[in-house]
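Coordinates in review
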Amino acid sequence: MKKSLITAALSTLALGVVFAAPAQAADVSACLITKTDTNPFFVKMKEGATAKAAELGVTLKSYAGKVDGDSESQVAAIETCIADGAKGILLTASDTKGIVPAVQKARDAGLLVIALDTPLEPINSADMTFATDNLLAGELIGKWAAATLGDAAKDAKIAFLNLTPSQPSVDVLRNQGFMKGFGIDVVDINKIGDETDPRIVGHDITNGNEEGGRTAMENLLQKDPSINVVHTINEPAAAGAYEALKAVGKEGDVLIVSVDGGCPGVKNVAEGVIGATSQQYPLLMASLGIEAIKKFADTGEKPAASEGKSFFDTGVALVTDKPAAGVESIDTKVGTEKCWG
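Residues numbered from 1 in each chain as written. Predicted model: local features only at pLDDT ≥ 70, side-chain atom pairs only at ≥ 80, totals over all residues. Heavy atoms only, no water.

1. Points about the overall build of the protein chain
Of the regular secondary structure elements, the protein chain holds ten helices and twelve strands. Against the 2.2 N^0.38 benchmark of 20 Å for 341 residues, the protein chain shows a C-alpha radius of gyration of 20 Å, consistent with a compact globule. Each principal axis of the C-alpha atoms in the protein chain carries an extent, and together these give about 65 × 40 × 40 Å. Taking the contacts inside the protein chain whose residues are at least 6 apart along the sequence as the reference set, 72% of them involve residues at least 24 apart. For the protein chain, the accessible area works out to roughly 13900 Å², and carbon and sulfur atoms hold 53% of it. If you average the places of the 31 positive and of the 44 negative side-chain charges in the protein chain, the two averages end up 3 Å apart. (Helix = DSSP H or I, 4+ residues; strand = E, 2+ residues; numbered from the N terminus. Rg over C-alpha atoms; globule rule 2.2 N^0.38 Å. Contact = heavy atoms within 4.5 Å. Areas by Shrake-Rupley, 256 points an atom, 1.4 Å probe, with all protein chains shown as cover. Lys, Arg positive; Asp, Glu negative; His and termini not counted. Charge placed at Lys NZ, Arg CZ, Asp CG, Glu CD.)

Rendered as structure tokens:
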């Protein structure tokens, strides 16, 4: 997994590059279906899948939703993969509940379905999930924010910049993990928005992109200009939130935390745009997924979960240049070396 990967040219079209396979593996094909093809996280995921497919002689087709939340395009892609006779599908689902019937149809047709990054609901709707422990990722940035604020944490004013209204599992896990780490009673850990802690100013939707982050931050600042902590679903949303804060001269007064650990995000940590981020490894998720599909095609064997977990844990690390007592972290130099392995 540590071999250098060949960077693939990425298309802006939903259908990705098709790679010819050697004769001995001509019948092994796979599909990668991501939420979008523009978010850097999914660009890197596609890069990992593409390189590993070329290495193993697997024919790969890539699809993506038009925007984060576009589940219809993902369902259509699953139907296409079934019709094409693919051996397996790697999926980052926009609607983690709504897409389950389509996933079951694929599994019934004999395809191996692996969720990447975002667990389906229930998680066993896929054959396996290769992902960051997103609850832990949220908990790490919550603990760091609370430790950084110290006694001031008890009077914090917190804004939550979430993903989509459907509350996909990755959104819930990161959101609730942050609350746990910060010391907020989550009430129902499977749901966003039922908390009663007075430190919570509110929640808004970003669709996981910079424009959405900026708009959501503007909306919440109108509700309470004294916000001093911002939790964002990902780093593009964090960058948008920072621009909104900068526009009103508050960029130095607010602590922004996020999850992804992409190279642009780590750079933003180094520059003080983001205080800390939890780094995950999408290239690893996707390359392991292709390996699993190839093994399944050759032997019928399905991947196993990490010990004590219901998914295969691909790791997480807190990245910050301002370490906090009691919270393990790496600095941006190390984070830059690891993004996005």
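2. Observations regarding the state of the cysteines
Evaluation of the coordinates by the stated rule reveals two disulfides. Here C31 pairs with C81 through a disulfide, and the sulfurs are 2.2 Å apart. A torsion of -120 degrees about the S-S bond marks the disulfide between C31 and C81 as left-handed. On the criterion of sequence distance, the pair formed by C31 in strand β1 (residues 29-34) and C81 in helix α2 (residues 71-83) is long-range, its members being 50 residues apart. (Disulfide = S-S within 2.5 Å.)

3. Some details on the side chain of S258
Examined against the element boundaries, S258 turns out to sit in strand β9 (residues 255-260). Residues in contact with S258, not counting those within four places in the same chain, are I141, T232, I233, N234, E235, A238, I274, A276, T277 and S278.

4. Points about the pairing of strand β7 (residues 200-205)
As judged from the five bridges shared by strand β6 (residues 158-162) and β7, these two strands associate in the parallel manner. Paired with A159 across the two strands is G202, which belongs to β7. (Pairing = 2+ DSSP bridges.)

5. So, the pattern of salt bridges
Counting across every chain of the model gives 19 salt bridges. For K154, the salt bridge goes to D155, with nearest N and O atoms at 4.0 Å. Each member of the pair, K154 as well as D155, carries the same accessibility label: exposed. Each of K52, E55 and E291 takes part in a single network of salt bridges with overlapping partners. (Salt bridge = Lys/Arg side-chain N within 4 Å of Asp/Glu carboxyl O. Buried < 20%, exposed > 50% of the residue type's maximum accessible area, 1.4 Å probe, protein only.)

6. Describing helix α8 (residues 263-270)
In an α-helix, one turn spans 3.6 residues, which is why side chains three or four residues apart end up on the same side. All buried positions along α8 are accounted for by G265, V266, N268 and V269. Across the axial projection of α8, the buried residues extend over an arc of 155 degrees, all falling on one side. Lining the buried residues of α8 we find α7 (235-247), β10 (276-279), β12 (317-319) and α10 (332-338). Two residues or fewer after α8 comes G272, characterised by a positive phi angle close to 85 degrees. (Arc of directions from axis to C-beta.)

7. Section: the sheet that holds β9
Read across the open sheet, the six strands follow the order β7-β6-β8-β9-β10-β12; overall the sheet is mixed. Edge positions in the sheet fall to β7 and β12, since each has one partner strand and no second. On average, each strand axis in the sheet is tilted by 15 degrees relative to the strand beside it, whichever way the strands run. When strand β8 (residues 229-232) meets β9, the two strands line up parallel, connected through three bridges. Looking across to β9, one finds that H231 is bridged to V257. Each of β6, β7 and β8 touches helix α6 (residues 210-223); the most contacted strand, β7, lies at about 150 degrees to it. (Axes fitted to C-alpha atoms, helices over the stretch in contact; angles between N-to-C directions.)

8. A short note on the packing of aromatic side chains
In the structure shown here, the tally under the stated rule is four aromatic pairs. Ring geometry for F160 against F178: centres 5.5 Å apart, planes inclined by 80 degrees, an arrangement best described as edge-to-face. Taken together, the positions of F160 in strand β6 and F178 in helix α5 (residues 169-182) put the pair 18 residues apart, joining distant regions of the chain. On the accessibility criterion, F178 (0% relative accessible area) is buried. Of the aromatic side chains, those joined through ring pairs into one cluster are F160, F178 and F182. (Phe/Tyr/Trp six-rings, centres within 6.5 Å; stacked < 30°, edge-to-face > 60°.)

9. What to know about the pairing of strand β4 (residues 112-116)
Here is the key point about a regular strand: its side chains alternate between the two faces of the sheet. With five of five residues buried, β4 is to be regarded as a mostly interior element. Of the two faces of β4, the one carrying L112, I114 and L116 and the one carrying V113 and A115 are both buried. Strand direction decides the pairing type here: strand β3 (residues 88-91) and β4, joined by four bridges, are parallel. Counted as the bridge partner of L90 is I114 from β4.

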